[in-house]
Amino acid sequence: MQQLAHKRKSLPEHAEIESLTRDLAQMRDLLVAAQTEESDCAREQTKAEQDVDQVRKRAARDQQRLDSGAITSPKDLTNLQHEIASLAKRQGDLEDVVLEVMERRESAQERVTELTGRVASVQAKVDDATARRDAALEGIDGEVATVTKEREVVAAAVPADLLKLYEKLREQQGGIGAAKLYQRTCQGCRQELAITELGEIRAAAPDTVVRCENCRRILVRTAESGL
């Protein structure tokens, strides 16, 4: 059950999803920034185009006045001609602004398209890893259910006081309350037992609960204990 709990916690998909989620958040932030830039450029383009239109209309009105012949004063004619020339230059400058903004907007739109695709790609990877993780967790949960029932059967056959001792030791000793005695060595603490301790264990009845003097875990004796 401990191994399954560890397996559940340490599935590689957990780290994969965490890494992909960070990448996805970064991509989304970049996408929002690109969308904001494109939106700002759109407003700036609209404003610049309106400015061009206003200058163009004003220049058209001035040109119409000039062509109408209604203005006869040389001074007024000169001033009007200068204004028309100034408006033409102003219009040219504003049209350059429009082109520059349009280029920036096009670049931002391309960035939005690129990042939208990257976000979709990373999201697909997140979805795939999540599906694999969920499937793995479902399998582990099935194993846990089976092992839990098996443990209940085994625990029911263990005397209550021994089970209580085992649980206490398991909590104190990192999840391992009982360990095999193999070739005179406790497999819990990996320490070889002293000769006197081995003698006491050898003399103990088969149903006597014996414990490692070093780590205090319950020792499980087998034919390979070296007694």
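First, a word on scope: everything that follows refers to the structure included in this document. (Residues numbered from 1 in each chain as written. Predicted model: local features only at pLDDT ≥ 70, side-chain atom pairs only at ≥ 80, totals over all residues. Heavy atoms only, no water.)

The number of helices and strands found in the protein chain is five helices and four strands. Counted from the first residue to the last, the protein chain has its helices and strands arranged as α-α-α-α-β-β-α-β-β. In terms of C-alpha radius of gyration, the protein chain reaches 42 Å, well past the compact-globule figure of 17 Å for 227 residues. Summarising its shape, the C-alpha atoms of the protein chain cover approximately 135 × 35 × 25 Å along the three principal directions. Counting only residues that meet the buried cut, the protein chain has 25% of its 227 residues in that class. Taking contacts inside the protein chain between residues at least 6 apart in sequence as the whole, the part at least 24 apart equals 68%. Each charge sign in the protein chain was given a centre, from 35 positive and 41 negative side chains, and these centres are 6 Å apart. (Helix = DSSP H or I, 4+ residues; strand = E, 2+ residues; numbered from the N terminus. Rg over C-alpha atoms; globule rule 2.2 N^0.38 Å. Buried < 20%, exposed > 50% of the residue type's maximum accessible area, 1.4 Å probe, protein only. Contact = heavy atoms within 4.5 Å. Lys, Arg positive; Asp, Glu negative; His and termini not counted. Charge placed at Lys NZ, Arg CZ, Asp CG, Glu CD.)

Let's shift gears to the state of the cysteines. With the rule as written, the count across this model stands at zero disulfides. A disulfide-free cysteine, Cys 189 has its sulfur positioned 3.8 Å from the sulfur of Cys 212, the nearest such atom. A residue is classified by how much of its surface remains accessible, and Cys 189, at 19% relative accessible area, is buried. Counting only cysteine sulfurs, Cys 212 is the nearest neighbor of Cys 215, a cysteine outside any disulfide, at a range of 3.8 Å. (Disulfide = S-S within 2.5 Å.)

Its 57 residues give helix H2 (residues 12-68) an end-to-end C-alpha distance of 83 Å, which sits within 8% of 84 Å, the value for a rise of 1.5 Å per residue. Just downstream of H2 lies Gly 69, where phi reads positive at about 80°. (Expected span 1.5 Å × (residues − 1).)

So, on to helix H4 (residues 160-172). Here H4 is 13 residues long and its end C-alpha atoms lie 18 Å apart, about the 18 Å a rise of 1.5 Å per residue gives. At the exit of H4 stands Gly 174, carrying a positive phi of roughly 65°.

On to the packing of helix H1 (residues 2-9) against helix H3 (residues 74-156), then. Any two packed helices are characterised by how steeply their axes cross, that is the angle between the axes, and by the distance between the axes. At a closest axis distance of 10 Å, the pairing of H1 and H3 adopts a crossing angle of 170°. Taken as axis vectors, H1 and H3 run roughly antiparallel relative to one another. Considering how the two elements wind past one another, H1 and H3 form a crossing that is left-handed. Within the contact between the two elements, H1 uses Leu 4, Lys 7 and Arg 8 and H3 uses Leu 137, Ile 140, Asp 141, Glu 143, Val 144 and Val 147. (Axes fitted to C-alpha atoms, helices over the stretch in contact; angles between N-to-C directions. Parallel < 35°, antiparallel > 145°, perpendicular 65-115°, else oblique. Left-handed = near helix turned anticlockwise from the far one by under 90°.)

This next bit is on the pairing of strand E1 (residues 178-182). Here E1 pairs with strand E4 (residues 218-221) via four bridges, running parallel. Among the inter-strand pairings, Ala 178 is bridged to a residue of E4, identified as Ile 218. As paired elements, E1 and strand E2 (residues 185-186) share two bridges and run antiparallel to each other. For Tyr 182, the partnering residue across the bridge sits in E2 and is Thr 185. Connecting E1 to the next strand, E2, in antiparallel fashion are two residues, including Gln 183 with a positive phi near 50°. (Pairing = 2+ DSSP bridges.)

Moving on to the layout of surface pockets. The calculated volume of the largest pocket comes to roughly 430 Å³. Along the walls of the largest pocket sit 14 residues, with Gln 2, Arg 151, Tyr 166, Arg 170 and Gly 175 positioned nearest its centre. Listed by contribution, the elements that provide at least two residues to the lining of the largest pocket are H1, H3 and H4. Examining the composition of the lining of the largest pocket, we find that four residues originate from one element, H4, more than from any other. Residue classes in the lining of the largest pocket are distributed as nine nonpolar, three polar and two charged. Of the volumes computed, that of the second largest pocket is approximately 170 Å³. Residue lining of the second largest pocket: Leu 162, Pro 206, Asp 207, Thr 208, Val 209, Val 210, Ile 218, Leu 219, Val 220 and Arg 221, and that is the complete set. (1 Å grid on protein atoms, 1.4 Å probe; cavity = no way out; pocket = protein on both sides within 12 Å on 5 of 7 lines; lining within 4 Å. Points joined across faces, edges and corners; volume = space filled by probe spheres on them. Nonpolar A, V, L, I, M, F, W, Y, C, P; charged D, E, K, R; others polar.)

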